[in-house]
Amino acid sequence: MSEYNFAYLDEQTKRMIRRAILKGLAVPGYQVPFASREMPMPYGWGTGGVQVSAATLTPDDTFKVIDQGADDTTNAVSIRKFFENTAGVATTEETEKATVIQTRHRIPEAKLREDQIIVYQVPIPEPLRFLEPRETETRKMHSLEEYGLMHVKLYEDISQHGAISTAYAYPVKVSGRYVMDPSPIPKFDNPKLEMDAIQLFGAGREQRIYAVPPHTKVVSLDFEDYPFEATKADHPCDLCGAEDSYLDEVIMDDAGNRMFVCSDTDYCRSRREAGHVGRLAEENAA
Amino acid sequence: MTPLLQVKGIEKRYGARVGCTDVNFDLYPGEVMGIVGESGSGKSTLLNCMAGHLEPDAGQVIFDTRVDGPVDTVTMSEPERRMLSRTDWAFVHQHARDGLRMSVSAGGNIGERLMAVGDRHYGDIRDKAVDWLGRVEIDASRVDDRPSAFSGGMQQRLQIARNLVTGPRLVFMDEPTGGLDVSVQARLLDLLRGLVREMGLSAIIVTHDLAVVRLLADRLMVMKSGHVVEAGLTDQVLDDPQHAYTQLLVSSVLQV
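Bear in mind that the values here come from a model prediction, so they are computed numbers and not experimental data. Throughout this document, residue positions are counted from 1 along each chain, in the order its sequence is written. For naming, the first written chain is A and the first written ligand is 1, with later ones following in the order written. For this predicted model, a pLDDT threshold of at least 70 governs which residues receive local features, and a threshold of 80 or more governs which side-chain atom pairs are given and counted, while totals over whole chains, interfaces and linings are taken from all residues. Here the side-chain values reflect all heavy atoms present in the structure, with hydrogen atoms and water set aside.

Engineer: Kindly report on the sheet that holds strand β2 (residues 17-27) of chain B, identifying the contributing residues and their values.
Structural biologist: All names here are of chain B. DSSP bridges decide pairing: two strands pair if at least two such bridges lie between them. Helix and strand assignments follow DSSP, with helices taken as H or I runs no shorter than four residues and strands as E runs no shorter than two, numbered in order from the N terminus. Ordered in space as β2-β1-β4-β5, the four strands form an open sheet in which the pairing is antiparallel. Edge positions in the sheet fall to β2 and β5 (69-72), since each has one partner strand and no second. In this sheet, neighbouring strand axes are inclined to one another by 20° on average, regardless of whether the strands run parallel or antiparallel. Pairing of strand β4 (residues 58-65) with β5, which is carried by four bridges, proceeds in the antiparallel orientation. Axis angles are defined between N-to-C directions and span 0 to 180 degrees, where every axis is a line fitted to C-alpha atoms and, for a helix, only to the segment in contact.

Have a look at this one:
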């Protein structure tokens, strides 16, 4: 532990990242360029999120990592271990107890509080990227607030599929100004983007940081006749019976059997501990 | 009557070379102006300067805006100019691929300008797209096809529909019939002439095809080496060319 500076990065780098974070908070949704460092993990594993977490953590913090809702998958385990080794901070799997939560592609089901920070790992921060490949042009579009093109994407969805089929990374407008990619969270989580906690977004490969301050208005883009819908599988959780959480579909066999379970493992566990029982919970226990 | 567009002393240089220089003219509402000349004579440079794609080194391009009256578009702020170029102006490229989004359906291409000015009702946007496809003689069943599945002539007509959907008052066209075979050219010209008359559009058409200007343009400017060498009514210039270069140009047209 002592061979590393606290939280791996050197103090100058953390300072640079904190400046970018502050700028991001001051201009909600604006992508602040920063000098992303090489981290001891490959791009796509959350190098942006890790740098933001490293700049945000203090020795008193309790750290939680989620990978698509789960605390026990490779990405979550390795990042949690990384900060256990380099920062020596306490870690937890319970959303309630964490002060800094790094997440990949989910927002926890439990409501976050004002004293918590959630850090998102972002693969491609530019919401207009697949419509307009030129960075010079997308920057101009952001600065001049020309967002008609974003609706062209939604138009294409409706004309091809009869509904807005974008299911994740659903574009939002932050504080009435910038259109932002909320990272690949399911659109079920979009309404939760208006929350009490600070939200920081880090894209390591693309070298961008952006942020949404607490209580900021975040509107999902839509059409008047095709309003935004936060969709999920129409099913209760098969383990804890929750009707309000985002579900993963698990194929059980090759005979068409499947089960739906909460993608947020901590939420599911805490509900089961509280005595909630789903359709398949008994079998599993036995 | 106030001219819709006044061009005063436009000059654009590429280093020591002249792109175009000392161009002056007025364009009145409903008027179609043709610009002809050989390759490299500065036609496209002039068009791009007027449309705001290039910044001229000198001169003014004064456009009669709906709200503020005549304003110099060269010195106006970029957001204003970009707003103008997607509402009151339209630009038809020579190659439809430059003016279309090839990965977006025909309906989306037409709807883009509508959505860019704040249209947020899918049904309305789609109705307008279908209506405009009809106006440019593309079957309504093609509304969800991508432009890459269209023929060259259809792509060009789609580009025109996409540009005219917001009801612009001034259309810039850069060789709109270039690269199309003659029968498709004829149909396109017929269509353009109909739309220009019906919507009362003003247009500036750059071309090296004299037949195009004969059909579409009320007035004609002939350019050579960056200078306007002759200007006047189309029929007058073509039937009684004064400048040596214009005479050469008119006599070079192949007769069938």
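Engineer: How would you sum up the packing of helix α4 (residues 106-116) of chain B against helix α5 (residues 122-135) of chain B? Please name residues and give values.
Structural biologist: Residue and element names in this part refer to chain B. Close contact between α4 and α5 brings their axes to 9 Å; oriented N to C, the two are set at 120°. Put simply, α4 runs oblique to α5. You can see that α4 and α5 cross each other, and the crossing is right-handed. Where α4 approaches α5, its residues Gly107, Ile110, Gly111, Leu114 and Met115 are matched on the opposing element by Ile125, Lys128, Ala129, Trp132 and Leu133. A per-class count over the contact of α4 with α5 returns seven nonpolar, two polar and one charged. Each angle is binned into one of four classes, with values under 35 degrees roughly parallel, values over 145 roughly antiparallel, values of 65 to 115 roughly perpendicular, and all other values oblique. Two helices that cross are described as forming a left-handed crossing if the nearer one is turned anticlockwise from the farther one by less than a right angle, and a right-handed crossing if clockwise. By definition in these notes, contact holds between two residues if any of their heavy atoms fall within 4.5 Å. Each residue is assigned to one of three groups, with Ala, Val, Leu, Ile, Met, Phe, Trp, Tyr, Cys and Pro labelled nonpolar, Asp, Glu, Lys and Arg labelled charged, and all others, Gly among them, labelled polar.

Engineer: Summarise the pattern of salt bridges; cite the residues concerned and give the values.
Structural biologist: Note that side chains of opposite charge can pair when their charged atoms are close. The term salt bridge refers to a side-chain nitrogen of Lys or Arg lying within 4 Å of a carboxyl oxygen of Asp or Glu. The full count for this structure, using the stated rule, is 43 salt bridges over all chains. For Arg134(A), the salt bridge identified is with Glu132(A), shortest N-O distance 2.9 Å. Relative accessible area serves as the criterion here: at 3%, Glu132(A) is assigned to the buried category. What emerges from the salt-bridge pattern is a single network uniting Glu132(A), Arg134(A), Arg101(B), Glu112(B) and Arg162(B). The buried label goes to any residue with under 20% of its type's maximum accessible area, the exposed label to any with over 50%, and the partly exposed label to all in between, with areas taken from a 1.4 Å probe on protein chains only.

Engineer: Tell me what's going on with the interface of chain A and chain B, and back it up with residues and numbers.
Structural biologist: Every contact between the two is made by 21 residues of chain A and, on the other side, 22 residues of chain B. Two parts placed together each lose some accessible area under a 1.4 Å probe, and adding up what both lose gives the buried area. Interface area, chain A with chain B, both sides summed: about 1900 Å², of which 57% is carbon and sulfur. The interface formed by chain A and chain B includes five salt bridges. Nitrogen and oxygen atoms within 3.5 Å of one another constitute a polar contact, given that in protein one can donate a hydrogen and the other can accept it, and given that sequence-neighbouring residues count only through two side-chain atoms. For the pair chain A and chain B, the interface holds 13 residue pairs in polar contact (both at pLDDT 80 or more).

Engineer: With reference to specific residues and values, describe the packing of aromatic side chains.
Structural biologist: Between two aromatic rings, the relevant description is the distance of the centres plus the angle of the planes. Residue and element names in this part refer to chain A. By convention, a stacked pair of Phe, Tyr or Trp rings (six-membered ring in the case of Trp) has centres within 6.5 Å and planes under 30 degrees apart, an edge-to-face pair has planes over 60 apart, and any other such pair is tilted. Evaluated as defined, the whole model comprises 15 aromatic pairs over all chains. Here the aromatic rings of Tyr8 and Phe82 are separated by 5.3 Å at their centres, their planes lie at 55°, and the arrangement is tilted. Of this pair, Tyr8 sits in the segment before α1 (11-26) while Phe82 sits in helix α3 (residues 74-86), and the two are 74 residues apart along the sequence. Assessed through its relative accessible area of 27%, Tyr8 is described here as partly exposed. Ring centres of Phe82 and Phe83 lie 5.1 Å apart, and the angle between their planes is 75°; this geometry places the pair in the edge-to-face category.

Engineer: So what's going on with the side chain of Asp181(A)? Which residues, and what values?
Structural biologist: All names here are of chain A. Turning to its location among the elements, Asp181 is positioned in the loop between β7 (178-180) and β8 (198-203). Positive residues here are Lys and Arg, negative ones are Asp and Glu, while His and the chain termini are left out of the count. The side chain of Asp181 sits in the buried core without any salt bridge; Lys153 is the nearest counter-charge, 9.6 Å away. With residues near it in sequence (within four places) discarded, Asp181 still touches Ile124, Pro125, Pro127, Ala169 and Tyr210.

Engineer: Quick one: what's the story with the sheet that holds strand β6 (residues 172-174) of chain A, residue by residue and with numbers?
Structural biologist: Strand pairing within a sheet occurs via backbone hydrogen bonds; the two strands may be parallel or antiparallel. All names here are of chain A. Spatially, β7-β6-β10 is the arrangement adopted by the three strands of the open sheet, whose pairing is antiparallel. With partners counted over all chains shown, the strands left at the sheet margins are β7 and β10 (218-220), one partner each. In this sheet, adjacent strand axes meet at a mean angle of 30° when their direction is disregarded. The pairing of β6 with β7 spans three bridges and is antiparallel. The partner of Val174 across the bridge, within β7, is Tyr178.

Engineer: Tell me about the pairing of strand β7 (residues 170-174) of chain B, residues and numbers included.
Structural biologist: Two faces belong to every sheet, and in a regular strand the side chains alternate between them. Residues and elements named next belong to chain B. Burial runs high along β7: five of the five residues are buried. On β7, burial covers both faces: Leu170, Phe172 and Asp174 on one face and Val171 and Met173 on the other are all buried. Examined bridge by bridge, strand β6 (residues 89-92) and β7 share four bridges and lie parallel to one another. Following the sheet pairing, Trp89 is matched in β7 by Leu170. For β7 and strand β8 (residues 202-206), the ladder comprises five bridges, and the chain directions are parallel. The residue of β8 that forms the bridge with Met173 is Ile205. The handedness of a crossover follows from its direction of travel: if, with the strands pointing away from the viewer, the path from the first strand over the helix to the second runs clockwise, the crossover is right-handed. One crossover worth recording links β7 to the parallel β8 by way of helix α7 (residues 182-199), and it is right-handed.

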